[in-house]
Amino acid sequence: MRRYITLPNAVWFLLTLALLNSYVLVRQSLYWLIGILPLFLLLNLLAGMRIRGTKSLRLRVCHHGTVLLVLFVFSLIPSLLWHVLLAFRVLGGGVRDLLFSALFCTVLSAILFWNGILCVYATSTQMGIKWRVIGALCGMIPILNLMVLSKIIRLTSGEVEFEMEKERVASDPALSSICKTKYPLVLIHGVFFRDSKLFNYWGRVPRTLIMHGATVYYGQHQSALTVKESARELTARIKLIVERSGCEKVNVIAHSKGGLDCRYAISEFGLAPYIASLTTVNTPHRGCLFADKLLTAIPDRVKEKMANAYNVTLRALGDETPDFLAAVGDLTAEACQKRNEMLTFPEGIYAQSVGSVLSHPRKGQFPLNLSYRYVKHFDGENDGLVGEASFAWGEKYTLLRTAGNRGISHGDMIDLNRENISDFDVRAFYTDLVSDLRTRGL
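Okay, so let's go over this structure. (Residues numbered from 1 in each chain as written. Predicted model: local features only at pLDDT ≥ 70, side-chain atom pairs only at ≥ 80, totals over all residues. Heavy atoms only, no water.)

Of the regular secondary structure elements, the protein chain holds 16 helices and six strands. Its C-alpha atoms give the protein chain principal-axis dimensions of about 90 × 55 × 40 Å. A burial count over the protein chain gives 49% of its 442 residues as buried. Sequence separation of 24 or more characterises 77% of the internal contacts of the protein chain that already satisfy a separation of 6 or more. For the protein chain, the exposed surface amounts to about 22,200 Å²; the carbon and sulfur share of it is 62%. Seen as two clouds, the 49 positive and the 36 negative side-chain charges of the protein chain have centres 9 Å apart. (Helix = DSSP H or I, 4+ residues; strand = E, 2+ residues; numbered from the N terminus. Buried < 20%, exposed > 50% of the residue type's maximum accessible area, 1.4 Å probe, protein only. Contact = heavy atoms within 4.5 Å. Areas by Shrake-Rupley, 256 points an atom, 1.4 Å probe, with all protein chains shown as cover. Lys, Arg positive; Asp, Glu negative; His and termini not counted. Charge placed at Lys NZ, Arg CZ, Asp CG, Glu CD.)

In this model, Asn-282 sits at a positive phi of 50 degrees, which is unusual for a non-glycine residue. Mapped onto the elements of the fold, Asn-282 is located in the loop between strand 4 (275-281) and helix 11 (289-297). For Asn-282, a relative accessible area of 0% corresponds to the buried category. With a phi angle near 55 degrees, Arg-418 is a residue other than glycine that sits in the positive phi range. The exposure class of Arg-418 is buried, given its relative accessible area of 13%.

So, on to the pattern of salt bridges. Enumeration according to the criterion identifies 14 salt bridges in this entry. A salt bridge links Asp-415 to Arg-204; its shortest N-O distance comes to 2.9 Å. Taken together, the residues Asp-415 in the loop between strand 6 (396-400) and helix 16 (426-439) and Arg-204 in the loop between strand 1 (185-188) and helix 8 (205-211) connect sequence positions 211 residues apart. Exposure remark for Arg-204: the relative accessible area of 15% places this residue in the buried category. When the shortest N-O distance is used, the salt bridge between Arg-401 and Glu-381 registers 2.9 Å. In this pair, Arg-401 sits in the loop between strand 6 and helix 16 while Glu-381 sits in the loop between helix 15 (368-379) and strand 6, placing the two residues 20 residues apart along the sequence. The exposure class assigned to Arg-401 is partly exposed, which follows from its relative accessible area of 46%. Look at Glu-381 and you get partly exposed, because its relative accessible area is 36%. (Salt bridge = Lys/Arg side-chain N within 4 Å of Asp/Glu carboxyl O.)

On the surface, a nonpolar cluster with roughly 440 Å² of combined accessible area is contributed by Leu-39, Leu-41, Leu-42, Leu-45 and Leu-46. Considering the arrangement of structural elements, one finds Leu-39 in helix 3 (residues 32-46). Judged by its relative accessible area of 37%, Leu-39 falls in the partly exposed class. (Patch = residues over 30% accessible without salt bridge, like charges linked within 9 Å, V, L, I, M, F, W, Y side chains within 5 Å.)

Within the open sheet, the six strands sit side by side as 2-1-3-4-5-6. Their pairing is parallel. At either margin of the open sheet sits one strand with a lone partner, and together these are strand 2 (216-218) and strand 6. Neighbour-to-neighbour, the strand axes of this sheet turn through a mean angle of 20 degrees, independent of strand direction. Direction of pairing for strand 5 (residues 350-356) relative to strand 6: parallel, over a ladder of five bridges. (Pairing = 2+ DSSP bridges. Axes fitted to C-alpha atoms, helices over the stretch in contact; angles between N-to-C directions.)

The next subject is the packing of aromatic side chains. Applying the stated criterion across every chain yields a total of 14 aromatic pairs. Grouping aromatic residues by their ring pairs yields a cluster made of Phe-193, Tyr-201, Trp-202, Phe-424, Phe-429 and Tyr-430. The ring of Tyr-121 carries Arg-132 above its face, with NZ or CZ at 5.8 Å from the centroid. (Phe/Tyr/Trp six-rings, centres within 6.5 Å; stacked < 30°, edge-to-face > 60°. Lys NZ or Arg CZ within 6 Å of the ring centre and 35° of its normal.)

On to the packing of helix 10 (residues 257-268) against helix 14 (residues 333-342), then. Angle between the axes and distance between the axes: these two values describe a pair of packed helices. Running from amino to carboxyl end, helix 10 crosses helix 14 at an angle of 30 degrees, the nearest separation of the two axes being 11 Å. Between helix 10 and helix 14, the crossing angle belongs to the class labelled roughly parallel. Every pair of crossing elements has a handedness; the one defined by helix 10 and helix 14 is left-handed. Contacts between helix 10 and helix 14 involve Leu-260, Arg-263, Tyr-264 and Glu-268 from the former and Cys-336, Arg-339, Asn-340 and Met-342 from the latter. Of the residues contributing to the contact of helix 10 with helix 14, the split by class is four nonpolar, one polar and three charged. (Parallel < 35°, antiparallel > 145°, perpendicular 65-115°, else oblique. Left-handed = near helix turned anticlockwise from the far one by under 90°. Nonpolar A, V, L, I, M, F, W, Y, C, P; charged D, E, K, R; others polar.)

We now examine the packing of helix 9 (residues 227-245) against helix 10. At a closest axis distance of 8 Å, the pairing of helix 9 and helix 10 adopts a crossing angle of 70 degrees. Judged on the interaxial angle alone, helix 10 and helix 9 are roughly perpendicular. For the pair formed by helix 9 and helix 10, the contact residues are Val-227, Lys-228, Ser-230, Ala-231, Leu-234 and Thr-235 on the first element and Lys-257, Leu-260, Asp-261, Cys-262, Tyr-264 and Ala-265 on the second. A breakdown of the residues in the contact of helix 9 with helix 10 according to their chemical character gives seven nonpolar, two polar and three charged.

Turning next to the nonpolar core. The tendency in soluble globular proteins is for nonpolar side chains to be buried side by side. Val-250, Val-252 and Ile-275 are the most contacted members of the largest nonpolar core, which has 35 residues in total. Only strand 1, helix 9, strand 3 (250-255), helix 10, strand 4, helix 12 (300-317) and helix 13 (324-329) provide two or more residues apiece to this core. Element by element, the count of residues in this core is highest for helix 9, at six residues. Those residues in contact with Ile-275 that lie beyond four places of it in its chain are Ile-238, Lys-249, Val-250, Val-252, Ile-266 and Ile-349. (Core = buried A, V, L, I, M, F, W, Y, C linked by side-chain atoms within 4.5 Å.)

Looking now at the side chain of Ser-124. On the secondary structure map, Ser-124 appears in the loop between helix 5 (95-123) and helix 6 (128-138). From its side chain, Ser-124 meets the backbone nitrogen of Met-127 in a polar contact 3.2 Å long. Side chain to side chain, Ser-124 and Glu-159 meet in a polar contact 2.7 Å long. The contacts of Ser-124, once residues within four sequence positions are left out, are Arg-58, Cys-62, Arg-132, Thr-156 and Glu-159. (Polar contact = N/O pair within 3.5 Å; in protein donor to acceptor, adjacent residues only side chain to side chain.)

Here the focus is the side chain of Thr-123. Looking at the element boundaries, Thr-123 is found in helix 5. Reaching out from Thr-123, the side chain makes a polar contact with the backbone oxygen of Cys-119 at a distance of 2.7 Å. If sequence neighbours within four positions are ignored, Thr-123 has contacts with Arg-58, Val-61, Cys-62 and Glu-159.

Below you can see the structure in the form of structure tokens.
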């Protein structure tokens, strides 16, 4: 909130109070509206739009909306006190003029509020669906609506300050090449997702890495295939990247099932000469016991319906041969054990793994907050999908926890929800990870 305690905002606040409570002037002459309405329009268009340190229109609009909401909240009590004063001293016209003044103030305040709330609803990433829904449901409940509004203001103001700091760090010339590795990065998605320009699987991570000098490519394989078939597609994709860019090798960072796909490609499809390093993130190297139990517990008829619905949808989105059940089947503990006995990993490729755990189920985003307890029953500590015992692989293993009671979910590790977690900065984590690859000469 410190960013909002400034001289320009103080001027906007005084202007807001004057405009909201200017009916006494309009009552004397309608010509006052010629000055009041343009100033009010100016307030709604420009307050908070000029902030130094960012070129992001999204952040500017989010800041603008937050400023308007702050002006709305802080003008409530002075406006109320002003009308109490009017009731006793100023208005000689009695109750009618008092009501018209209150109506004038209420209409302008409503415009100010709706302008602000629509701006933050449209641009904030940290509000999420949860606070958007709560805000809509509580909007007409006195007192509670102000409590929710204050929470929304804290979320959006914190978001602007956090993102501004990230941009400041990213623009530091000394940090512009800390992720400029010898070999480019290839980011490999997990199961049931695709690489999309509209919604990046890796959230804000790629943009941050690129701002720090990294060259980034994507696996672009289908969303749901067996490990073998995904590995076949990734082999062709990575060879194509190497051939077209002339980079000789790549550093692969693979999330979830993507790590299994890459291990298979290196072992069975001759991809090893093209790989400088492989980092697996929350990959179920030893499978998921809960997946075994789930596939056994769900009736075949239900499984077939779920699979058909998924396969039809993903074909419509571009997958050629999605196979929901085959993809899930390759994540079971039994399937992973058999595959681990078969796969080899050649020397000369730096291999490491990363995992994370949730500390409390309700802290994870839907649906991981629901699956957490079920996974914990079979796999112990987990990230909402994969048990901690399944993460470790390679010559270095890093387990991530938070100091607080939130933890880090399977989705948090790829910035899926674009959430700023107080105890874990996902963008800083990947920046450090890639910077380490650079230090290793990779």
